[in-house]
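The lines below spell out each chain.
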Amino acid sequence: MSPARPSGPARLATYFHVHLVSDSTGETLNAMAKAVTARFDGVIPIEHIYALVRSDKQMDRVLQEVAAAPGVVLHTLVDRELREQLEEGCRRLDMPQIGALDPLVGAMSRYLGAALSTRVGAQHALDHDYFNRIAALDYAMAYDDGQGSLEQLEGADVVLCGVSRTSKTPTCIYLAHRGIRAANVPLVPGQEDGERLTKLKKPLVIGLTVSPDRLVQIRRNRIDNLNANQSSNYTDQDAVRDETIKARRAFERRGWPTIDVTRRSVEETAAAITNLLSEHRNHKIGTTW
């Protein structure tokens, strides 16, 4: 039998220019743009980012760039005069412009009956939350990969435990950017079994699990990228399967909630951890995510 053929021609990717204009760091706008474009298949944005736009001269330059590369203009401008300058410029160029936060801000304003702040970059002010995030990041780096005594780990909000290459470190760093103090302890056959973590009183200990096949693939890629030699047990299919089974059983025996990271991104794992942490603080711990 001849192989099946596609039902139609392959669809080519659609490229388009998107101009992101912000009077602050642009992080909020960039995240929103990525979230929206991810909803469309075969669409690839060519991003033009303009951060810290706070003067007429800077806005004139933005409009010149927009004219040179026609596309969609998204903005999170607070200053009324700069907004009007951008809106008028886009009208002249016949370009769509969208105040990305306007619908949400308008709805919140109507609900709260409160006046809007006109302070630029208010969400990035050096307030208590900002310093909490910096402290959480310092904590994650200081107590990464099993570092720290039990007394020091008591300062964590959450301690992640799992075999090697279950994204413990990047997840801890991601959580730190949200002000959550996270440490991690790797399970190492013959060296660290995580039993000492059962003595922790304050932090929530979460076990990270992964399928053996996926773990072998990740570890092999890691070794190839480092051009390193590693003991065969590190990537041996049977050894890895035994390692993951023992980890799962240890988590179950200790009553720790677990998260399967096999097909999860760091962001999705962090979201599941945040949910478990919220339940923990309300004394309603879940078991598996």
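Residues numbered from 1 in each chain as written. Predicted model: local features only at pLDDT ≥ 70, side-chain atom pairs only at ≥ 80, totals over all residues. Heavy atoms only, no water.

1. Some remarks on the sheet that holds strand 2 (residues 43-50)
Applied cut-off: Only strands joined by at least two bridges in the DSSP assignment are considered to pair. Think of it this way: any DSSP run of H or I at least four residues long counts as a helix, any run of E at least two long counts as a strand, and we number them from the N terminus. Every axis in this analysis is a line fitted to C-alpha atoms, fitted for helices over the stretch in contact. Angles between the N-to-C directions lie between 0 and 180 degrees.
An order of 2-1-3-4 is seen for the 4 strands of this open sheet, with the pairing classed as parallel. One side of each edge strand has no neighbouring strand; the edge strands of this open sheet are strand 2 and strand 4 (97-99). Adjacent strand axes in the sheet meet at a mean angle of 25°, parallel and antiparallel pairs treated alike. For strand 1 (residues 14-21) and strand 3 (residues 71-75), the ladder comprises 5 bridges, and the chain directions are parallel.

2. So, the pattern of salt bridges
Using the following cut-off: Whenever a carboxyl oxygen of Asp or Glu lies within 4 Å of a side-chain nitrogen of Lys or Arg, that contact is scored as a salt bridge. Partly exposed describes any residue whose relative accessible area lies between the buried limit of under 20% and the exposed limit of over 50%, with all areas from a 1.4 Å probe on protein chains only and scaled to the type maximum.
All chains considered together, the criterion is met by 12 salt bridges. The salt bridge involving Lys 34 is made with Glu 47; its shortest N-O contact spans 3.2 Å. Remark: Glu 47 occurs in strand 2 and Lys 34 occurs in helix 1 (residues 27-37); sequence separation between them is 13 residues. Assessed through its relative accessible area of 43%, Lys 34 is described here as partly exposed. Judged by relative accessible area, Glu 47 falls into the partly exposed class, the value being 29%. Linking Glu 243 and Arg 219 is a salt bridge whose minimum nitrogen-to-oxygen distance equals 3.1 Å.

3. Some thoughts on the pairing of strand 1
For a regular strand, side-chain orientation follows a simple rule: the groups alternate between the two sheet faces. Which entries qualify depends on this criterion: With the strands aimed away from the viewer, a crossover counts as right-handed if its path from the first strand over the helix to the second runs clockwise.
Of the strand pairs in this sheet, strand 1 and strand 2 are connected by 8 bridges, and their pairing is parallel. Of the residues in strand 2, the one forming a bridge with Thr 14 is Val 43. In this fold, strand 1 hands off to helix 1, which returns the chain to strand 2; that crossover is right-handed.

4. Side note on the pairing of strand 7 (residues 204-209)
Burial within strand 7 is extensive, with 6 of its 6 residues counted as buried. Here strand 7 shows a buried face lined by Leu 204, Ile 206 and Leu 208 and a second buried face lined by Val 205, Gly 207 and Thr 209. Pairing of strand 5 (residues 158-163) with strand 7 involves 5 bridges; the strand directions are parallel. Bridging across to strand 7, Val 159 finds its partner in Val 205.

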